Amino acid sequence: NDEGILMLGDKGSGKSTFLYELSKRGRTKLIANTHVLIDDNGQAAGIYSSINYRKKIAELIKGEVPELSNKVINSCTNIDPDVLGFEKLNSIGISKIVFYNHNENEQLIINQIDKRNALQLMRIYAYGINVYGLRSDLLNVMENNVDRVITKLDSDAKIMENLVNKCEIYS
């Protein structure tokens, strides 16, 4: 219903599988599979790229999507979201945040969580990328100016806080 939902979760937790299940319903729009940029107003944009599926799910998808009949399936297989029926969306306001956890029963169980816990979880996911995974890239973009990097991280922290305060949040 044109609501922006930000899904966060560990590798292998089922986010991409859930996206595929949504795509089979026909009305799913996608901004990004991995990298989402959120501005001060909670407006999200991203890098529209292939979706990486684990072998078991990729084989299932290959059997269900005729355009993929000749696709070679590896342990991790990238599949173009256009082939899966996703509509590319340039931006949308985020209204819900879902922290996706692996569920052994393969059932989606969603509970609302409090904003303090949500903010801490969001920081874990965002800073895991910004500070550790992309540290040298961030420094390069900021021309090795540590003060600019700190200002960027402070700005990101404020954006996350604003987003958590205005959204419905689930885990």
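Here the structure is a predicted model, which means the values were calculated and not measured.

Enquirer: Is there a simple way to explain the pattern of salt bridges in this structure?
Expert: Note that side chains of opposite charge can pair when their charged atoms are close. Counted by the stated rule, this structure contains 4 salt bridges. One salt bridge connects Glu21 with Lys24, and the closest N-O pair in it is separated by 3.4 Å. Accessibility expressed as a relative area gives 34% for Glu21, which makes it partly exposed. Among the ionic pairs, Glu168 bridges to Lys96, the shortest N-O distance being 3.8 Å. Taken together, the residues span a long stretch of sequence, with Glu168 in strand S9 (residues 168–170) and Lys96 in strand S8 (residues 92–100) at a distance of 72 residues. What makes Lys96 buried here is its relative accessible area of 17%. The network of salt bridges with common partners includes Glu3, Lys96 and Glu168.

Enquirer: Got a minute to help me understand the nonpolar core in this structure?
Expert: When a protein is soluble and globular, its nonpolar side chains tend to lie buried together. Ile97 and Met122 are the most contacted members of the largest nonpolar core, which has 17 residues in total. Breaking this core down by element, the ones donating at least two residues are strand S1 (4–9), S8, helix H3 (115–133) and helix H5 (146–166). Excluding anything up to four places from it in sequence, Ile97 contacts Leu6, Leu8, Met122, Leu163, Val164, Cys167, Glu168, Ile169 and Tyr170. The next biggest cluster of nonpolar side chains, apart from the first, holds 14 residues, and it includes Leu19, Ala58, Ile61 and Phe86.

Rules used in this analysis
- Residues numbered from 1 in each chain as written.
- Predicted model: local features only at pLDDT ≥ 70, side-chain atom pairs only at ≥ 80, totals over all residues.
- Heavy atoms only, no water.
- Salt bridge = Lys/Arg side-chain N within 4 Å of Asp/Glu carboxyl O.
- Buried < 20%, exposed > 50% of the residue type's maximum accessible area, 1.4 Å probe, protein only.
- Helix = DSSP H or I, 4+ residues; strand = E, 2+ residues; numbered from the N terminus.
- Core = buried A, V, L, I, M, F, W, Y, C linked by side-chain atoms within 4.5 Å.
- Contact = heavy atoms within 4.5 Å.

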